[in-house]
Amino acid sequence: MSSAEAPRIRVLAVAGARPNFMKIAPLLRELRTRPRFAVALVHTGQHYDAAMSESFFRELGIPEPDLNLGVGSGPHGAQTAQVLEKMEAVLAERRPDVVLVVGDVNSTLAAALAAVKLGIPVGHVEAGLRSFDRSMPEEINRLLTDAISEWLFVTEPAGVRNLEREGSPAGKIHFVGNVMIDTLRAHLERARALDTLERLGLEPGAYAVLTLHRPSNVDDPAGLKRIFTVLEEIHARLPVVFPVHPRTRAAIARGLQGELPRLHLLDPLGYLDFLRLMADAKLVLTDSGGIQEETTVLGVPCLTLRENTERPVTVTQGTNTIVGTDPATIRAEVQKILEGGPRSGRIPERWDGRAAQRIVDVLEEAFAARPEVQR
Ligand code: UD1
């Protein structure tokens, strides 16, 4: 049978929260170029503000989701349960051949669980990352999603080792590279052409970028205040530009009685503006996972305001330094960067813009060996 006549492999891709969108975009694009695949996209609705969701769809050229489950915000159990319940109904009706989930948010785990319970195999993109900190909700999501997935698509060698140590069969583990970097490479030139710095009154190389949204950093008012105090000190020397995540805005309103830090505050930015901002920053301070990877590829020094990272290659090969939240350490590490110029690093293996292609190759091959796929 020629590939044109072969039954199509029906993929249902799932995305729910901001960091999922730049990961799903290159996968959807690649899948749509291959005649063997028929693709549908489900948005769980975990993130719903235009600035957290719709703007990413527009800028990254992600097609409208076929379905939006509209789950919204809520405590972990409730949010996860809602995705699970709604996803189960969707999957029972559509019966795709494979469900593709990305990252480590609540939507990732819930969608994977709904699928495997119906006997539908799951591909997990960004598998194997471990912070070894089980107080982090994402760590639980990673462990559980990996434990039930059929295809484990890994971004860096540590991920392969973690999965092997946990007993994942070698045949399930695929070191494919980083889809988030596929997206960065596809859009960097466009981002560099934007007037973001002019609009914000910034000079290239003369500002820092801050992002902060981890519950461990923002949900405790005393800890948040302590971080803001040292950052305000830094801001007096080098403008600190801070697009504020909705969780953090809520934490400031609740825990700090609305007392805003004296930094260059912004609403959440779109993908391209934020990429432009990072690309020309003197340094980036963050508790995000993905930003550690993006700064590594951009060659911009990154100070991670956490005690650990699930992305160790950004430290061993990239520009990332784990600094925690102790003010003296943050101060000293910023000083080093200001004195020493950019920390050089190299780009990790297979972060070359072709991860989505490798992932779809793996799926295509797997299904070639399963002639029973009939729709
Ligand atoms: C989620 C992910 C986290 C990821 C982050 C990126 C989990 C467990 N966490 O965290 O891994 O790094 O997304 O942004 O899945 N809110 C809005 N508008 C929105 C979305 C959220 O106002 O569009 C506010 C709500 O007050 C909500 C809070 O942000 O309660 C937290 O949202 P939620 O999706 O639960 O977690 P994040 O902190 O965004």
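Only a predicted model underlies this, so the values are computations on that prediction, with no experimental measurement involved.

Asks: Is there a simple way to think about the overall build of the protein chain in this case?
Replies: Within the protein chain, the secondary structure is distributed over 16 helices and 13 strands. Relative to its length of 375 residues, the protein chain is compact, with a C-alpha radius of gyration of 21 Å against a globular reference of 21 Å. Overall size of the protein chain, expressed as C-alpha extent along the three principal axes, is 65 × 40 × 40 Å. By residue count, 58% of the 375 residues in the protein chain fall in the buried class. When the accessible surface of the protein chain is summed, it comes to about 15200 Å², and 51% of that surface belongs to carbon and sulfur atoms. In the protein chain, 44 positive and 48 negative side-chain charges are present, and the distance between their average locations comes to 1 Å.

Asks: Which parts of the structure should I look at to understand the site of the ligand?
Replies: Around the ligand, a shell composed of 17 residues is seen, among which His 47, Asn 106, Glu 138, His 213 and Arg 247 lie nearest. In the model, an oxygen atom of the ligand is placed 2.8 Å from a nitrogen or oxygen of the His 213 side chain. One of the side-chain N or O atoms of Arg 247 is found 2.6 Å from an oxygen atom in the ligand. Contact with the protein chains covers 86% of the free accessible surface of the ligand, which is 740 Å². Contributions of two or more residues to the shell around the ligand are made by helix 3 (76-94) and helix 11 (246-255). Across the shell around the ligand, the residue classes tally to five nonpolar, eight polar and four charged.

Asks: Quick question: what am I supposed to make of the sheet that holds strand 11 (residues 283-286) here?
Replies: Hydrogen bonds between backbone atoms are what pair the strands of a sheet, whose relative direction is either parallel or antiparallel. Here we have six strands laid out as an open sheet, ordered 10-9-8-11-12-13, and parallel in their pairing. Taken across any chain shown, the strands that pair with only one partner, and hence form the sheet edges, are strand 10 (264-266) and strand 13 (320-322). Each neighbouring strand pair of the sheet contributes to a mean axis angle of 20°, computed without reference to strand direction. With three bridges joining them, strand 11 and strand 12 (residues 302-304) adopt parallel strand pairing. Considered in strand 12, the bridge of Val 284 is made with Cys 302.

Asks: Would you take a moment to explain the pairing of strand 9 (residues 240-243) for this structure?
Replies: Each regular strand displays side chains that alternate between the two surfaces of the sheet. Of the two faces of strand 9, the one lined by Val 240 and Phe 242 and the one lined by Val 241 and Pro 243 are each fully buried. Alignment of strand 8 (residues 208-211) against strand 9, held across two bridges, turns out to be parallel. Paired with Ala 208 across the bridge in strand 9 is Val 240. Bridge count between strand 9 and strand 10: three bridges; the pairing is parallel. If you follow Phe 242 over to strand 10, its bridge partner there is Leu 265.

Asks: Please explain the nonpolar core as it appears in this structure.
Replies: A general tendency of soluble globular proteins is for nonpolar side chains to be buried together. Core analysis: the biggest nonpolar cluster contains 61 residues, and Ile 24, Leu 27, Ile 62, Leu 100, Phe 153 and Leu 277 have the highest contact counts within it. The contacts of Leu 100, once residues within four sequence positions are left out, are Val 11, Leu 12, Ala 13, Val 14, Leu 27, Leu 31, Gly 123, Val 125, Phe 153 and Leu 363. Counting residues in hydrophobic clusters, the runner-up holds 26 residues, among them Ile 227, Ile 234, Val 244 and Leu 256.

How each quantity is defined
- Residues numbered from 1 in each chain as written.
- Predicted model: local features only at pLDDT ≥ 70, side-chain atom pairs only at ≥ 80, totals over all residues.
- Heavy atoms only, no water.
- Helix = DSSP H or I, 4+ residues; strand = E, 2+ residues; numbered from the N terminus.
- Rg over C-alpha atoms; globule rule 2.2 N^0.38 Å.
- Buried < 20%, exposed > 50% of the residue type's maximum accessible area, 1.4 Å probe, protein only.
- Areas by Shrake-Rupley, 256 points an atom, 1.4 Å probe, with all protein chains shown as cover.
- Lys, Arg positive; Asp, Glu negative; His and termini not counted.
- Charge placed at Lys NZ, Arg CZ, Asp CG, Glu CD.
- Near = heavy atom within 4 Å.
- Polar contact = N/O pair within 3.5 Å; in protein donor to acceptor, adjacent residues only side chain to side chain.
- Nonpolar A, V, L, I, M, F, W, Y, C, P; charged D, E, K, R; others polar.
- Pairing = 2+ DSSP bridges.
- Axes fitted to C-alpha atoms, helices over the stretch in contact; angles between N-to-C directions.
- Core = buried A, V, L, I, M, F, W, Y, C linked by side-chain atoms within 4.5 Å.
- Contact = heavy atoms within 4.5 Å.

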